[in-house]
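# Examination of the molecular architecture
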Amino acid sequence: LPRPEGARDALTPPDAQWLAYAQQGKLIQRPIQGVGTETLLEEVPSDRAAIDWMDDGTLLCIQPGGKLVRISADRGSPTETVLVFQEDKPIWSRGLPGSEAALVVRCVGNCAEGSYLSVVDFQGDTTWTVVDEVLKAWYVPTGHVVWVRRDGAVFAAPFDLDRLEISGDREALFEGVNTGTDMANMVMADDGTVVFVQGTLASATWEPVWVDRTGREEAIEVGLAGQVEYPALSPDGTQLAVDLTEQDRAEIWIADLDRGSRHKLTFEGGNRPAWTPDGRSVTFYSARGGNQDLWTKRADGSADAELMVDFERNLVEAVWSPDATWLISRTNILRVSPHLGLGDILAWQVGED
């Protein structure tokens, strides 16, 4: 692909003559042999489009606002909105034979609360749940649905295409697929062959390290290990704030690099720590109030967290200006409304409404 930066979710139809993929908020099509690209759809999530090329030549795709749409690859053909999910958001879709229904995986809340496999009937404009705790699913020509459970185990069960429901007992196939809160690192070909990354994230052990400019690593001996992410050094370089995820929820921990000690700062969820310029507090985003808002808490834990920004859209990062007069954040592109775009950078003047 020329200029492939940000391209993802690429797939081909059964005749393998075309390639469809998401890139920079658009659904794009190009020929396998030949040149030129065509934009089929605007306003596609850049990080999760859940594209599938169905057997009638139409494409399934997710749009912001919880919309599952169906679009023809022919120039000028209209887009059909299959269904709008009002609460739980779709994260994965696969069309069923006949192109009149699809398997759709939907997340509860921010996906940490669970996910489930549903069937969407295009003709009846209805949907229902068939299996809980699912991250990905496929229909295979043997007449089965195969799915990856949230813990990395893979199952199969007979599926009745006329009644659009599971018609027999499930069977465990294998386990150990690498999974996260809202993803499973496994793909399946039409003949049932699978490729997957082995080892769940829950079993992974990560730890913060120093890396010098030659690439030499040195462990930071503060006893923080597990799913450690988004390290942030205090302005004086003596403390380290990190995400530490346990049981699908991240909390903020603070490590004292001089003493080698550590303490847990948040207990109701906290992500992406950012130190205030004075080094006394840490700002983070948290969904403790329902929406992902920005909160600040004293680094020593001596006071309750203070709500800094309560915004209508989910916020996923915090950056302070050096003089502490501005707080900058960006919106989560998974939660935007179609008329608001794919994500924005926003700034608030501290102390102002």
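For the structure given in this document, a descriptive report is provided here. (Residues numbered from 1 in each chain as written. Predicted model: local features only at pLDDT ≥ 70, side-chain atom pairs only at ≥ 80, totals over all residues. Heavy atoms only, no water.)

### Here we look at the environment of arginine 298
Within the secondary structure, arginine 298 sits in strand β28 (residues 293-298). Taking the C-alpha atoms as reference points, arginine 298 and threonine 238, separated by 60 residues in sequence, lie 15 Å from one another. Excluding residues within four positions of it along the chain, arginine 298 makes contact with Leu265, Arg280, Ser281 and Ala303. (Helix = DSSP H or I, 4+ residues; strand = E, 2+ residues; numbered from the N terminus. Contact = heavy atoms within 4.5 Å.)

### Re the pairing of strand β24 (residues 249-256)
Of all eight residues in β24, seven are buried; the element is thus mostly enclosed. Here eight bridges tie strand β23 (residues 239-246) to β24, and the two strands are oriented antiparallel to one another. Note on β24: the bridge partner recorded for glutamine 239 is aspartate 256. As paired strands, β24 and strand β25 (residues 261-264) are joined by four bridges and run antiparallel to one another. Looking at the pairing, isoleucine 254 lines up with histidine 263 of β25. Hairpin connection from β24 to β25: four residues lie between these consecutive antiparallel strands, with glycine 260 at a positive phi of about 75°. (Buried < 20%, exposed > 50% of the residue type's maximum accessible area, 1.4 Å probe, protein only. Pairing = 2+ DSSP bridges.)

### What about the sheet that holds strand β29 (residues 306-309)?
Read across the sheet, four strands follow the order β26-β27-β28-β29 without closing on themselves; strand pairing throughout is antiparallel. Looking at strand neighbours, the two that pair on one side only are β26 (271-275) and β29, the edges of this open sheet. Between one strand and the next, the sheet's axes are offset by a mean angle of 30°, whatever the strand orientation. Across six bridges, the pairing between strand β27 (residues 281-286) and β28 is antiparallel. The partner of valine 282 across the bridge, within β28, is lysine 297. (Axes fitted to C-alpha atoms, helices over the stretch in contact; angles between N-to-C directions.)

### Examining a negative patch on the surface
Taken together, the side chains of Glu207, Glu217, Glu218 and Glu221 define an acidic patch exposed on the protein surface. With respect to the helices, strands and loops of the structure, glutamate 218 is situated in strand β21 (residues 217-219). A relative accessible area of 45% places glutamate 218 in the partly exposed class. (Patch = residues over 30% accessible without salt bridge, like charges linked within 9 Å, V, L, I, M, F, W, Y side chains within 5 Å. Areas by Shrake-Rupley, 256 points an atom, 1.4 Å probe, with all protein chains shown as cover. Salt bridge = Lys/Arg side-chain N within 4 Å of Asp/Glu carboxyl O. Lys, Arg positive; Asp, Glu negative; His and termini not counted. Charge placed at Lys NZ, Arg CZ, Asp CG, Glu CD.)

### Here's the deal with the pattern of salt bridges
Following the criterion strictly, the structure yields 12 salt bridges and no others. Linking arginine 288 and glutamate 268 is a salt bridge whose minimum nitrogen-to-oxygen distance equals 3.9 Å. Separated by 20 residues along the polypeptide, arginine 288 in the loop between β27 and β28 and glutamate 268 in the loop between β25 and β26 bring together distant segments of the chain. The network of salt bridges with shared partners includes Arg272, Glu317 and Arg330.

### Considering a nonpolar patch on the surface
Taken together, the side chains of Val319, Trp326, Ile328 and Ile345 present a nonpolar region at the surface, about 370 Å² in accessible area. The partly exposed category is assigned to valine 319, whose relative accessible area is 41%.

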